[in-house]
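# Residue-level structure breakdown
Here is what each chain is made of, one letter per residue.
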Amino acid sequence: MKISLTQKYNVPGPRYTSYPTVPYWNETAFTVEEWKTSFQKAFAESNSKNGISLYIHLPFCESMCTFCGCNKRITKNHSVEEKYIQALLKEWSLYCRLLPEKPLIKEIHLGGGTPTFFSTNNLEHLINGIFSFANKAENHEFSFEGHPNNTTYEQLKKLYDLGFRRVSFGVQDYSEKVQKAINRIQPFHNVAKVTFWAKEIGYKSIGHDIIFGLPFQTLDDVVDTVEKTNSLKPDRLAFYSYAHVPWIKGNGQRGFNDENLPKDAEKRQLYEIGKQLLSLNGYHEIGMDHFALSTDSLFHAAHNKKMHRNFMGYSASKTQLMIGLGVSSISDSWYGFAQNTKNLEDYYQLLEWDQLPVVKGHILTDEDLIIRKHILNLTCELETSWSKDFLYFKELPQVLMALKEIENDQLIVIEENKIKITEAGRPFVRNICMAFDLHLKRKSPETNLFSMTV
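Our subject in this report is the structure included herewith. As the structure is a prediction and not an experimental result, all values here were calculated from the model.

Another aspect to go through is the overall build of the protein chain. Counting its regular elements, the protein chain contains 16 helices and 19 strands. Relative to the 2.2 N^0.38 estimate, which gives 22 Å for 454 residues, the radius of gyration of the protein chain is 21 Å and therefore close to what a compact globule would have. Principal-axis analysis of the C-alpha atoms places the extent of the protein chain at approximately 60 × 50 × 40 Å. In the protein chain, buried positions account for 57% of the 454 residues. Residue pairs in contact within the protein chain that sit at least 24 positions apart in sequence constitute 74% of those at least 6 positions apart. Charge separation in the protein chain, taken as the distance between the mean sites of 52 positive and 53 negative side-chain charges, equals 1 Å.

See the structure below:
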């Protein structure tokens, strides 16, 4: 029996928000002092040119969404807010002490957890505290993730006044059965309300996150969710595959079984139908699992081949240095990665000792830097080239051999010194990147590490 391309290529694989991926970091050779040196080098090279980015992780949620694999702390006790913000500002001050001048901040992204768990006053205190040590770059892009059930008009207005112009709301799916399974009860009215508020206030880019492959999700559910989404006309969309990784400690993926999940061709149809409906309503597919209207900055960045991808996802602007603040956050200097402790109590303790809460990381080798560039090209531009000598690497012939079958399936076109991903190859970008992933090729994981690629 002939198997479909979806069945053939639906294997566990990284999402490539970094290279090397976190499981392949060389932690034994990494030191915090090396990270500081890497951070200072990147700052010296880039601050005055493009500025830097900040990712700030706000981990608290009032309830557990069982589709979520993020690092979070479930509590209804809002007294935790002030201590955490003081810790974030302490961590930021430790970084700023290492610098010869004030940072110029190009990007801020507040992620979670649930950033709108925090009160308006505490969010204002956080941002004002950040800028007591820094300046805003020209044409900065500040964004945050909002939960439609608890985002208030006051929060939206205050963050807008502080310079935020982009907000994304987690929608997932509008089916009551699906929402119950993932413990995310969220009526359409709540999403419509916060979307209209954001438009009224003046946000230039409003995003919705929707997911395919959720438990009990049917084709009718996806059609209904996409049609409701189209009625609100967000500027951009993340329409991505549910990452089922129940083996990761603490992610809480329960309340349903594997057999409740759509699989293979059934699951892929959910995406393809959703994609068709989005296309009919003016949305353009960008990179992996993202869509935008032609008026959105992400569309222009993709069109002009200036889109970037990092731990925050796709970005319309690129900075060399991204500092991650908060529990579990990851920083990126281009030359190295550093991740904070995932344990909240340890995070507080390290900061009390005036230590950066970094507990692991990776300093990239020359080979890593070349492969990283190829994977970024593939995920952002759907093509890559080694016409310039510095992008050639000695294992390239073996990589091209590994890609032959993918080429035979008409998912890529291999030219003399270039690879292009075809329209049919779009669903398989992660698989194509895996052929370049030398760490993965040299040591296949012995246990579950990654979600399925398709």
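Picking up where we left off.
A sheet is described by the order of its strands in space; here three strands give the open sequence 17-19-18, paired in antiparallel fashion. Only two strands of the sheet have a single partner each, and these edge strands are strand 17 (383-385) and strand 18 (412-414). Going across the sheet, the axis of each strand differs from the next one's by a mean of 10 degrees, ignoring polarity. With respect to the sheet, helix 12 (residues 366-381) is in contact with strand 17 and strand 19 (418-421), its orientation differing from that of strand 17 by roughly 145 degrees.

The next thing to look at is the nonpolar core. Within the largest apolar cluster, 56 residues are counted, with the highest numbers of intra-cluster contacts made by L110 and Y203. The leading source of residues in this core is helix 3 (residues 80-97), at nine residues. Among residues more than four places away in sequence, those in contact with Y203 are F144, L156, L159, Y160, F164, R165, R166, V167 and A198. Among the nonpolar cores identified, the runner-up in size contains 47 residues, and A301, F393, I421 and A435 belong to it.

Moving on, we get to helix 11 (residues 344-352). L344, Y347, Y348, L350 and L351 are the residues of helix 11 that are buried. Seen from one end, helix 11 has its buried residues packed into an arc of 165 degrees, which puts them on one side. Where helix 11 is buried, its residues touch strand 2 (60-61), strand 3 (73-74), helix 3, strand 15 (336-340) and strand 16 (358-363). You can read the cap of helix 11 off the contacts: a side-chain oxygen lies 3.0 Å from the backbone nitrogen of E345, and it is on N343.

This next bit is on unusual backbone geometry. In this structure, P20 follows Y19 across a cis peptide bond, with omega equal to -5 degrees. Along the chain, G112 connects to G113 via a cis peptide bond; the corresponding omega equals 15 degrees. Residues other than glycine seldom take positive phi values, yet D354 does so here, at roughly 60 degrees. Here D354 shows up in the loop between helix 11 and strand 16. In this structure D354 comes out as partly exposed when scored by relative accessible area, which is 45%.

This model, assessed by the stated rule, comprises 26 aromatic pairs. Geometrically, the ring pair formed by W35 and F39 is tilted, given 6.4 Å between the ring centres and 35 degrees between the ring planes. Highlighted residues: W35 and F39, both in helix 2 (residues 32-50), separated by four residues, approximately one helical turn. Overall, F39 belongs to the buried group, its relative accessible area being 1%.

Right, let's get into the side chain of S18. Assignment of secondary structure puts S18 in the loop between helix 1 (5-9) and helix 2. Accessibility expressed as a relative area gives 6% for S18, which makes it buried. At 3.0 Å, the side chain of S18 and the backbone oxygen of P20 are in polar contact.

The next subject is the packing of helix 5 (residues 153-161) against helix 7 (residues 188-201). Angle between the axes and distance between the axes: these two values describe a pair of packed helices. Close contact between helix 5 and helix 7 brings their axes to 10 Å; oriented N to C, the two are set at 35 degrees. Viewed along their axes, helix 5 and helix 7 form a crossing whose handedness is right-handed. Taken together, the residues of helix 7 that come into contact with helix 5 (itself represented by Y153, L156, K157 and Y160) are V194, W197, A198, E200 and I201. Here the residues of the contact of helix 5 with helix 7 are counted per class, giving seven nonpolar, no polar and two charged.

To continue, consider the side chain of R426. As for its placement among the helices and strands, R426 is situated in the loop between strand 19 and helix 15 (429-436). In this structure, R426 is in contact with K275, E285, I286, G287, L382 and I421, ignoring residues within four places of it in sequence.

Rules of the game
Residues numbered from 1 in each chain as written. Predicted model: local features only at pLDDT ≥ 70, side-chain atom pairs only at ≥ 80, totals over all residues. Heavy atoms only, no water. Helix = DSSP H or I, 4+ residues; strand = E, 2+ residues; numbered from the N terminus. Rg over C-alpha atoms; globule rule 2.2 N^0.38 Å. Buried < 20%, exposed > 50% of the residue type's maximum accessible area, 1.4 Å probe, protein only. Contact = heavy atoms within 4.5 Å. Lys, Arg positive; Asp, Glu negative; His and termini not counted. Charge placed at Lys NZ, Arg CZ, Asp CG, Glu CD. Pairing = 2+ DSSP bridges. Axes fitted to C-alpha atoms, helices over the stretch in contact; angles between N-to-C directions. Core = buried A, V, L, I, M, F, W, Y, C linked by side-chain atoms within 4.5 Å. Arc of directions from axis to C-beta. Polar contact = N/O pair within 3.5 Å; in protein donor to acceptor, adjacent residues only side chain to side chain. Phe/Tyr/Trp six-rings, centres within 6.5 Å; stacked < 30°, edge-to-face > 60°. Left-handed = near helix turned anticlockwise from the far one by under 90°. Nonpolar A, V, L, I, M, F, W, Y, C, P; charged D, E, K, R; others polar.

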